[in-house]
Amino acid sequence: MATEAEALARTMPNSDHGRALARLAGAAAQAGDLDRAGRMATEAEALARGITRPDVQVEALTELAQAAIQAGDLDRAGRMATEAEALARTIISPAVQAQALTELARAAAQADDLDRAEALARTIIDPDGRAQALTGLVRTAAEAGDLDRASRMADEAEALARTIISFAVQARALAGLA
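Analysis parameters
- Residues numbered from 1 in each chain as written.
- Predicted model: local features only at pLDDT ≥ 70, side-chain atom pairs only at ≥ 80, totals over all residues.
- Heavy atoms only, no water.
- Core = buried A, V, L, I, M, F, W, Y, C linked by side-chain atoms within 4.5 Å.
- Buried < 20%, exposed > 50% of the residue type's maximum accessible area, 1.4 Å probe, protein only.
- Helix = DSSP H or I, 4+ residues; strand = E, 2+ residues; numbered from the N terminus.
- Contact = heavy atoms within 4.5 Å.
- Expected span 1.5 Å × (residues − 1).
- Arc of directions from axis to C-beta.
- Axes fitted to C-alpha atoms, helices over the stretch in contact; angles between N-to-C directions.
- Parallel < 35°, antiparallel > 145°, perpendicular 65-115°, else oblique.
- Nonpolar A, V, L, I, M, F, W, Y, C, P; charged D, E, K, R; others polar.
- Salt bridge = Lys/Arg side-chain N within 4 Å of Asp/Glu carboxyl O.

Thoughts on the nonpolar core
Turning to step 1, where the next piece is worked out: Ranked by internal contacts, the top residues of the largest apolar core, which has 48 residues, are Val-58, Leu-61, Leu-64, Leu-104 and Leu-137.
Turning to step 2, where the next piece is worked out: Counting residues per element, the ones that place at least two in this core are helix H2 (14-30), helix H3 (34-49), helix H4 (54-71), helix H5 (74-88), helix H6 (94-110), helix H7 (114-122), helix H8 (127-143) and helix H9 (147-161).
Turning to step 3, where the next piece is worked out: Setting aside residues up to four positions removed in sequence, Val-58 forms contacts with Ala-84, Leu-87, Ala-88, Ile-91 and Ala-100.

In structure tokens form, the structure reads like this:
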């Protein structure tokens, strides 16, 4: 089954191919096939570097970082996350940049690095994006037993949400805190 999935991934366009290989690398690592996981991650990394749209490249590098975390390759995860963050900061659209940084914050939280996750979330310029990123981290902090951090982030996310002019967007942000 894994071989079939890998073969199917190779038929996709490069950006999809790389992201599919990154996911398969994570699955192979979880299944204990670290050699296959490493091989697919290396190939996915090369494909990710060839992506020309910064937002899509950030997404691919973030997925690689997550797969590397699953494989226990924290050096590769750190390199991918650092590269993805630098690239995310070049994205001009505040909403698209917020989405990229939110995914990076989620990956940092997945790696049990709540300090980095929170720092990334706090750098998001777009108020809705920052509120959404912080809201996503509230549950992670609470599950980790860091209730003070969870409360602080929830308060900040709520305050940010209340500044959003669009009622629909504000409602979505506040609903995430409920």
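Structure's up, so let's keep going.
Things to note about H5
Turning to step 1, where the next piece is worked out: The end-to-end C-alpha distance of H5 is 20 Å, a good match for the 21 Å that 15 residues give at a rise of 1.5 Å each.
Turning to step 2, where the next piece is worked out: Those residues of H5 that fall on the buried side of the exposure criterion are Arg-76, Ala-77, Met-80, Ala-81, Ala-84, Glu-85, Leu-87 and Ala-88. Projection of H5 onto a plane perpendicular to its axis shows the buried side chains occupying an angular sector of 160°, all on one side.
Turning to step 3, where the next piece is worked out: On its buried face, H5 sits against H3, H4, H6 and H7.

A short note on the packing of H7 against H9
Turning to step 1, where the next piece is worked out: Relative to each other, H7 and H9 sit at 10°, their axes nearing to 13 Å. The angle between the axes of H7 and H9 places the two elements in the roughly parallel class. Residue-level inspection shows Leu-114, Asp-115, Glu-118 and Arg-122 of H7 in contact with H9, the latter providing Arg-149, Arg-152, Met-153 and Glu-156.
Turning to step 2, where the next piece is worked out: For the contact of H7 with H9, the per-class residue count stands at two nonpolar, no polar and six charged.

Here's the deal with the environment of Gln-30
Turning to step 1, where the next piece is worked out: For Gln-30, the position within the fold is in helix H2.
Turning to step 2, where the next piece is worked out: Gln-30 sits in the exposed class, given a relative accessible area of 60%.
Turning to step 3, where the next piece is worked out: Separated by 40 residues in the primary sequence, Gln-30 and Gln-70 have C-alpha atoms spaced 6.4 Å apart.

Description of the pattern of salt bridges
Turning to step 1, where the next piece is worked out: Scanning the entire structure with this criterion turns up 16 salt bridges.
Turning to step 2, where the next piece is worked out: For Arg-53, the salt bridge identified is with Asp-55, shortest N-O distance 2.6 Å.
Turning to step 3, where the next piece is worked out: We classify Asp-55 as partly exposed; its relative accessible area is 24%.
Turning to step 4, where the next piece is worked out: Its salt-bridge partner being Asp-146, residue Arg-149 comes within 2.9 Å of it at the nearest N-O pair.
Turning to step 5, where the next piece is worked out: With relative accessibility at 11%, the residue Arg-149 sits in the buried group.
Turning to step 6, where the next piece is worked out: Among the residues examined, Asp-146 registers a relative accessible area of 27% and is labelled partly exposed.
Turning to step 7, where the next piece is worked out: Taken together, the salt bridges that share partners define one network made up of Asp-115, Glu-118, Arg-122, Asp-146, Arg-149, Arg-152 and Glu-156.

A look at unusual backbone geometry
Peptide bonds are mostly trans, and most non-glycine residues show a negative phi.
Turning to step 1, where the next piece is worked out: Even without being a glycine, Asp-112 presents a positive backbone phi close to 65°.
Turning to step 2, where the next piece is worked out: By the element assignment, Asp-112 lies in the loop between H6 and H7.
Turning to step 3, where the next piece is worked out: By relative accessible area, which is 72% here, Asp-112 ends up exposed.

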